Amino acid sequence: MPIAKSFRAIGHRSVNAVWRIGLATRFFLLTLRYSGNGFRRFHLIIKELFSTGVMSLIIIVVAGLFVGMVLGLQGYETLKRYGSESALGVMVALGLVRELGPVVAALLFASRAGSAMTAEIGLMKATEQISAMEMMAVNPIARIVAPRFWAGVISMPLLAALFSAVGVFGGYFVGVVQIGVDEGSFWSQMQAAVDFREDILNGVIKSFVFGTAVTVIALFEGYDAPPTAEGVSGATTRTVVTSSLAILMLDFVLTAMMFGGK
Amino acid sequence: MERTTLDLWVGIFVVAGIAALVMLAMKVGNLSTYNVSETYQVHAYFTNIGGLKPKASIKSAGVLVGRVTGITLDTQRYEAKVTMSLDKRYQFPKDTFANILTSGLLGEQYIGLMPGGDEEMLKDGEQLKKTQSAVVLEDLIGKFLYNKAAEPAK
Amino acid sequence: MSAQNLVEIRDLNFSYDRRPVLEGINMNFPRGKLVAIMGLSGCGKTTLLRHIGGSLKPTRGYVKVDGQVLHELDQEGLYAMRRKMGMLFQFGALFTDMSVYDNVAFQMREHTDLPEELIHDLVLMKLHAVGLRGTHNLMPSELSGGMARRVALARTVALDPMLIMYDEPFAGLDPISLTVVGDLIRRLNDALGATSVVVTHDVQESLKIVDYVYFMAHGVIVAEGTPDQIRASDRDFVRQFVHGEMDGPVPFHYPGGDYRQDLNLRA
């Protein structure tokens with residue numbers, strides 16, 4: 001019966017998906033519960049801040065610069081038709097601070113730092129390092145997972161802010177320096193239109209949520225990976241796919257909550 | 001990696017991130033114009049506010065002097081009641097004229113204040129009596145067409 | 001329970017997905033002794049070791065360590081028990097993101113408040129005991145397989161455990177490393193006054209060093225005895241295993257259908 005078979009396949013996948021979401025939630029709660037130890041020994045978090053934050057700096061800064069430059073160019077082409085080139089600053093800044101900064105930085109973060117986290121933890125599991133730690137009476141969630149989680153949560157808003165800031169300069173460079181939009185109106189209109197609480201703080205909140213989601217997904221996939229080479233590579237791929245989708249879905253939900261109700 | 005180099009890099013990263021946030025807040029956003037200085041509240045009634053929104057700026061002679069804090073419909077008069085908070089540094093005469101203006105053709109709407117000649121100054125909680133509503137584009141076009149139709153054909 | 005036994009296993013049963021892996025295991029590990037569990041790959045040796053470490057809960061029966069039934073302990077009790085245990089994993093399982101020094105110092109830093117100078121001396125002593133004091137600045141990736149195993153051994157005994165478990169300590173070692181590791185296992189056991197369990201399929205190397213041997217096949221104990229008894233045993237399975245014969249109770253061919261039929265030949 002091919003129909004029954006495909007229904008069964010759908011059912012199996014749905015049950016599996018719900019099951020994994022439950023496991024991931026439990027994993028997240030355990031991470032929070034065992035986080036105290038990580039804060040008492042802050043150097044563990046600092047070490048992870050290096051591998052998640054500092055190592056993502058270059059890709060974030062370069063990508064931010066180019067995204068800002070493209071925004072400047074495209075924005076100018078569009079605004080020129082309505083004779084409002086002076087609003088270029090507004091367009092670049094709002095686009096970056098509200099959407100592109102948090103979202104693109106999080107997508108880059110997922111593929112740079114998230115995949116590395118999954119691979120690292122998956123390999124630790126495959127080479128029995130996690131079992132060894134458990135046998136040494138050290139809780140691996142407290143010692144390995146929690147510091148990485150907090151490093152991710154701290155890095156993400158900072159990276160997104162850097163992305164937006166560099167992007168604004170990219171837009172300034174193309175718009176003002178190269179095309180010759182008036183510098184004064186570029187900045188003043190931007191400042192008049194971008195609200196600190198409404199736009200910048202909401203952007204920070206977004207990147208905070210994305211950082212949490214990406215890190216939890218990456219850590220969970222690594223911790224849950226089958227302890228084989230295929231298992232780890234599959235988990236790494238899943239981290240990038242799942243967290244990218246999660247970022248975009250969460251972005252819609254958050255945008256609707258923040259800006260949609262008016 | 002050496003512990004100190006690690007600390008140094010993480011330090012640079014965190015400082016750069018925070019600097020970016022501050023730069024966004026001050027240079028890109030309007031945190032620098034958020035006046036922590038004291039304000040006083042006044043309100044005014046408009047027959048139509050058009051597209052005016054809370055937090056819209058209030059300017060006098062082009063200078064930002066305050067922000068719209070609330071917009072409600074007064075069901076006694078069926079007019080829009082707009083409350084504004086103005087910077088204490090800027091005092092206005094009692095007969096100041098409040099005008100809803102648009103910055104540019106498609107820009108945001110804001111309130112322009114034109115000071116009158118009264119000796120007495122506005123106090124906290126008082127009302128701006130003289131107002132002019134927003135120009136609604138549809139009305140303008142309607143009027144224009146009506147006038148056109150009324151013109152004798154050449 | 002006799003005070004002479006550090007570990008006692010009684011009627012241990014364990015099933016995985018309703019497939020029995022261990023059936024009715026009874027074992028004693030007397031204090032101070034070095035005991036080997038031998039058997040073919042997949043006979044349940046490693047599963048048994050995980051029960052002694054408390055990572056798996058038995059379906060029936062119990063494992064008692066130092067007078068306490070492991071599966072009745074809560075997580076804190078289990079962790080307290082594990083501080084008195086050490087386990088050497090098959091390929092060492094050194095933490096790849098830490099240097100050799102930090103690996104050996106790991107438990108001292110996690111579980112004690114010892115000052116760093118004291119930890120430094122202790123780490124170098126442990127590394128000296130396995131002959132690798134000179135490697136403390138290296139990363140695990142810079143070590144050979146045999147050296148990594150010895151560093152892992154130093155890490156295992158970092159807190160002087162009363163029970164040391166070895167999961168295939170001889171797997172994948174060259175003949176020299178093999179002798180070195182075997183000799184270290186014996187010496188560390190005697191020097192620390194610990195009790196050791198070695199899970200292995202390396203018969204010749206382990207018979208040289210252990211005090212007692214359990215033979216397992218398909219989840220049950222098929223033979224036990226001192227090394228001399230085992231060598232002299234005339235049971236088919238033990239003889240085949242000890243002498244590495246190709247055919248015997250353990251067949252060369254995996255059970256399959258009729259050979260001629262599989263090849264589509266007609267009789």
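Rules used in this analysis
Residues numbered from 1 in each chain as written. Chains lettered and ligands numbered in written order. Predicted model: local features only at pLDDT ≥ 70, side-chain atom pairs only at ≥ 80, totals over all residues. Helix = DSSP H or I, 4+ residues; strand = E, 2+ residues; numbered from the N terminus. Buried ≥ 20, exposed ≤ 12 C-beta atoms within 10 Å, placed from the backbone. Pairing = 2+ DSSP bridges. Contact = placed C-beta atoms within 7 Å. Nonpolar A, V, L, I, M, F, W, Y, C, P; charged D, E, K, R; others polar. Axes fitted to C-alpha atoms, helices over the stretch in contact; angles between N-to-C directions. Expected span 1.5 Å × (residues − 1). Arc of directions from axis to C-beta. Core = buried A, V, L, I, M, F, W, Y, C linked by C-beta atoms within 7 Å. Left-handed = near helix turned anticlockwise from the far one by under 90°. Parallel < 35°, antiparallel > 145°, perpendicular 65-115°, else oblique. Domains from an automatic or database assignment.

Is there a simple way to think about unusual backbone geometry in this case?
Peptide bonds are trans in most cases, and residues, glycine excluded, mostly fall at negative phi. Residue and element names in this part refer to chain C. A positive phi is found at aspartate 11, a non-glycine position, where the angle reads about 50°. The backbone phi angle of glutamate 168 is positive, close to 50°, even though this residue is not glycine. The residue glutamate 168 is located in the loop between strand E7 (163-167) and helix H6 (175-192) in this model. With 19 C-beta atoms counted inside 10 Å, the residue glutamate 168 sits in the partly exposed group.

Can you help me understand the sheet that holds strand E5 (residues 68-69) of chain C in this one?
Strands in a sheet are paired, the pairing made by backbone hydrogen bonds, and the direction either parallel or antiparallel. Residues and elements named next belong to chain C. Spatially, E2-E1-E4-E5 is the arrangement adopted by the four strands of the open sheet, whose pairing is antiparallel. Two strands in the sheet have a free side with no partner beyond their single neighbour: strand E2 (19-30) and E5. Of the pairings in the sheet, the one linking strand E1 (residues 5-16) to strand E4 (residues 60-65) comprises five bridges and is antiparallel in character. The residue of E4 that forms the bridge with glutamate 8 is lysine 64.

What is the right way to read the interface of chain B and chain A from this model?
Counting residues at the interface gives 24 residues for chain B and 26 residues for chain A. Sort the elements by how many residues they give to the side of chain B that touches chain A and helix H1 (residues 3-28) of chain B lands first, with 15 residues. Split by residue class, the side of chain B that touches chain A holds 16 nonpolar, six polar and two charged.

Honestly, the sheet that holds strand E10 (residues 220-225) of chain C in this entry has me stumped. Any pointers?
Residues and elements named next belong to chain C. Overall, mixed pairing links the six strands, which are arranged E6-E7-E8-E3-E9-E10 in an open sheet. If you trace the sheet from one side to the other, it starts and ends with strand E6 (85-88) and E10, each paired once. Neighbouring strand axes in the sheet, compared pairwise and without regard to direction, differ in orientation by 15° on average. In the packing of H6 onto the sheet, contacts are made with strand E3 (34-39), E7 and strand E8 (195-200), and the angle to E8 comes to roughly 160°.

I tried to follow the interface of chain A and chain C on my own but got confused; where do I start?
Where interface size is quoted, it is often the accessible area lost as the parts come together. Listed by partner, the interface residues are ten residues for chain A and 15 residues for chain C. A class-by-class count of the residues in the side of chain A that touches chain C yields five nonpolar, three polar and two charged.

Mind showing me how you'd approach H6 of chain C here?
An α-helical turn contains 3.6 residues, so any two residues separated by three or four positions project in the same direction. Residue and element names in this part refer to chain C. With 18 residues, H6 should cover 26 Å at 1.5 Å per step; its first-to-last C-alpha distance of 26 Å lies within 8% of that length. By the burial criterion, the buried members of H6 are Val181, Gly182, Leu184, Ile185, Leu188 and Asn189. One side of H6 holds all its buried residues, which, seen down the axis, span an arc of 160°. Looking at H6, the residues exposed on the side facing more than 90 degrees away from the buried face are Pro175, Ile176, Asp190 and Ala191. Those residues of H6 that are buried lie in contact with E3, helix H5 (145-156), E7, E8 and helix H7 (203-209). Of the residues trailing H6, glycine 193 is marked for its positive phi of about 65°.

How should I be thinking about the arrangement of the chains in this particular structure?
For the two pairs of chains in contact, the maximum contact count is reached by chains A and B. Nowhere do chain B and chain C come into contact; their C-alpha atoms are at least 10 Å apart.

Sorry if this is basic, but what is going on with the nonpolar core here?
Inside soluble globular proteins, nonpolar side chains tend to come together where they are buried. One finds Val151, Met165 and Val197 of chain C to be the most contacted residues of the largest nonpolar core, which totals 150 residues. With 21 residues, helix H6 (residues 140-179) of chain A is the largest single contributor of residues to this core. One finds Leu86, Phe92, Ala98 and Leu113 of chain B within the second-largest nonpolar core, a separate group that totals 22 residues.

Please clarify how helix H9 (residues 229-259) of chain A should be interpreted in this entry.
Compared with the 45 Å implied by 1.5 Å per residue over 31 residues, the 44 Å span of H9 of chain A between its first and last C-alpha is a close match. In this fold, the buried residues of H9 of chain A make contact with helix H4 (88-126) and helix H8 (196-224) of chain A.

Would you mind going over the pairing of E4 of chain C with me for this structure?
Each regular strand shows side chains that alternate between the opposite faces of the sheet. Residue and element names in this part refer to chain C. Here two bridges tie E4 to E5, and the two strands are oriented antiparallel to one another. Bridging across to E5, lysine 64 finds its partner in valine 69. Counting the residues that bridge the hairpin from E4 to E5 gives two residues, and of these aspartate 66 lies at a positive phi of roughly 50°.

What is the right way to look at the packing of helix H3 (residues 42-81) of chain A against H4 of chain A in this model?
In helix packing, the relevant descriptors are the interaxial angle and the interaxial distance, both defined with respect to the helix axes. All names here are of chain A. Direction vectors running N to C along H3 and H4 enclose 145°, while the axes themselves pass 9 Å from each other. The crossing of H3 and H4 is right-handed. Partitioned by chemical class, the residues of the contact of H3 with H4 number 18 nonpolar, six polar and one charged.

Can you walk me through the packing of H5 of chain C against H6 of chain C in this structure?
Residue and element names in this part refer to chain C. The geometry of H5 relative to H6 is characterised by a closest axis approach of 10 Å and an angle of 10° between their N-to-C directions. Relative to H6, H5 is oriented roughly parallel. Between H5, through Gly146, Arg149, Arg150 and Leu153, and H6, the contact on the second element is made entirely by Ser177, Val180, Val181 and Leu184.

Whenever I open this one, the domain arrangement of chain B confuses me. Can you help?
By domain assignment, chain B separates into domain 1 (1-32) and domain 2 (39-142). A straight line from the C-alpha centre of domain 1 of chain B to that of domain 2 of chain B covers 40 Å.

Looking at this model, I keep getting lost on the environment of threonine 83 of chain B. Mind explaining?
Residues and elements named next belong to chain B. Turning to its location among the elements, threonine 83 is positioned in strand E4 (residues 79-87). By C-beta crowding, threonine 83 is classed as partly exposed, having 15 other C-beta atoms within 10 Å. Along the sequence, threonine 83 and threonine 72 sit eleven residues apart, while their C-alpha atoms lie 8.6 Å from each other. Excluding anything up to four places from it in sequence, threonine 83 contacts Gln41, His43, Thr69 and Gly70.

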